[in-house]
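As a plain string of letters, each chain reads:
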Amino acid sequence: MKKEEIKPLLKLQEIDDEIERMNRRIRRIEEEIGEFEKELRTTRSELENMLRREEELTRLIKETKERIEQEEEMLRRTEEKMNFVRKDVEYKSLLREKSKHEDNILKLSYELDELEEKLMDLRKRLEERRPVIERRINEIEEEISDLYEEKKLAESKIKDLKLRRKTEVESIDKELLSFYEEAKARFGSKIVVQIEEGICPGCGMKVPDVLFSKMIKENSIERCPNCGRYIYYRL
Ligand SMILES: [Zn+2]
């Protein structure tokens, strides 16, 4: 075969290689987007969790304060009643009641202190972390938007390449084209290859010396005796 005949096939191969490169690029972009989205979810949930905890602590503090107020009110009433009892046994029972309310108030006050301390710590942490988290969220969102832009470009490049391929295919001999398509399905790429130091780069086998000499002398296009790929010395 003459080199002029193989040139359109070589061009087709270049287009296909470029399409494959673009497809690989798109897959890599999609992976990167996936990783950034995962990070975005974790980063957002860190902030959301802190805010939810802040809300919860605020609610618990409010409830505890209300319970203390109730206990204090009950204590006040018990003390009032104690002023009016006559019987010793009633007085004792009120005394027990009073001491129960006092205990509850004490217990609730401890709880309140603890809750307020927790809320203070959380707000301090929130103050430190919030700007860092919000900055990172912005960064990630920008990265993701850039990647989508890049993906869009790669997709439009593939569209152009496919159009060019369509035109290119028309100038190729039908039999040669079907060989190429079959070989491509089997090997993936490198269907038409330049021989390197007497070795077919497609399958890695050394071609017979006689064939290699002929290729150099006649500058012909041959088939690798091992894998069947088209091999050339120089175009
Ligand atoms: Zn080969």
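Our structure's up above, just so we're on the same page.
These notes cover the structure that comes with them. (Residues numbered from 1 in each chain as written. Predicted model: local features only at pLDDT ≥ 70, side-chain atom pairs only at ≥ 80, totals over all residues.)

Helix and strand counts for the protein chain come out as four helices and three strands. N-terminal to C-terminal, the α/β element order of the protein chain is α-α-α-β-α-β-β. Its C-alpha atoms give the protein chain a radius of gyration of 41 Å, clearly above 18 Å, the size a compact globule of 235 residues would have. Dimensions of the protein chain along its principal axes, counting C-alpha atoms only, are 130 × 35 × 30 Å. Of all 235 residues assigned to the protein chain, the portion counted as buried reaches 9%. Taking all contacts inside the protein chain whose residues are at least 6 apart in sequence as the whole, residues at least 24 apart take part in 71%. (Helix = DSSP H or I, 4+ residues; strand = E, 2+ residues; numbered from the N terminus. Rg over C-alpha atoms; globule rule 2.2 N^0.38 Å. Buried ≥ 20, exposed ≤ 12 C-beta atoms within 10 Å, placed from the backbone. Contact = placed C-beta atoms within 7 Å.)

Turning to the sheet that holds strand E1 (residues 192-194), a few remarks are in order. The sheet built from three strands is open, its strands ordered E1-E3-E2 with mixed pairing. Two strands close off the open sheet at either side, each with one partner strand: E1 and strand E2 (222-223). When E2 meets strand E3 (residues 230-232), the two strands line up antiparallel, connected through two bridges. Among the inter-strand pairings, Glu222 is bridged to a residue of E3, identified as Ile231. Packing against the sheet, helix H1 (residues 3-82) makes contact with E1 and E3, and its axis sits at approximately 105° to E1. (Pairing = 2+ DSSP bridges. Axes fitted to C-alpha atoms, helices over the stretch in contact; angles between N-to-C directions.)

It is the contact of H1 with helix H2 (residues 88-170), at a shortest axis distance of 4 Å, that shows an interaxial angle of 165°. Relative to H2, the element H1 lies roughly antiparallel. The interaxial crossing formed by H1 with H2 has left-handed handedness. Of the residues contributing to the contact of H1 with H2, the split by class is 37 nonpolar, seven polar and 36 charged. (Parallel < 35°, antiparallel > 145°, perpendicular 65-115°, else oblique. Left-handed = near helix turned anticlockwise from the far one by under 90°. Nonpolar A, V, L, I, M, F, W, Y, C, P; charged D, E, K, R; others polar.)

Below, the discussion takes up the nonpolar core. Counting 15 residues, the largest nonpolar core has Val192, Tyr230 and Ile231 as the members making the most contacts within it. When contributions to this core are tallied by element, the ones reaching two or more residues are H1, E1 and E3. The element best represented in this core is H1, accounting for four residues. Residue contacts for Val192: discarding those within four places in its chain leaves Ile6, Leu9, Leu10, Gln13 and Tyr230. (Core = buried A, V, L, I, M, F, W, Y, C linked by C-beta atoms within 7 Å.)

A few words on unusual backbone geometry. Within the chain, Lys190 stands out as a residue other than glycine whose phi angle is a positive 55°. Examined against the element boundaries, Lys190 turns out to sit in the loop between helix H3 (174-187) and E1. We classify Lys190 as partly exposed; it has 18 C-beta atoms within 10 Å.

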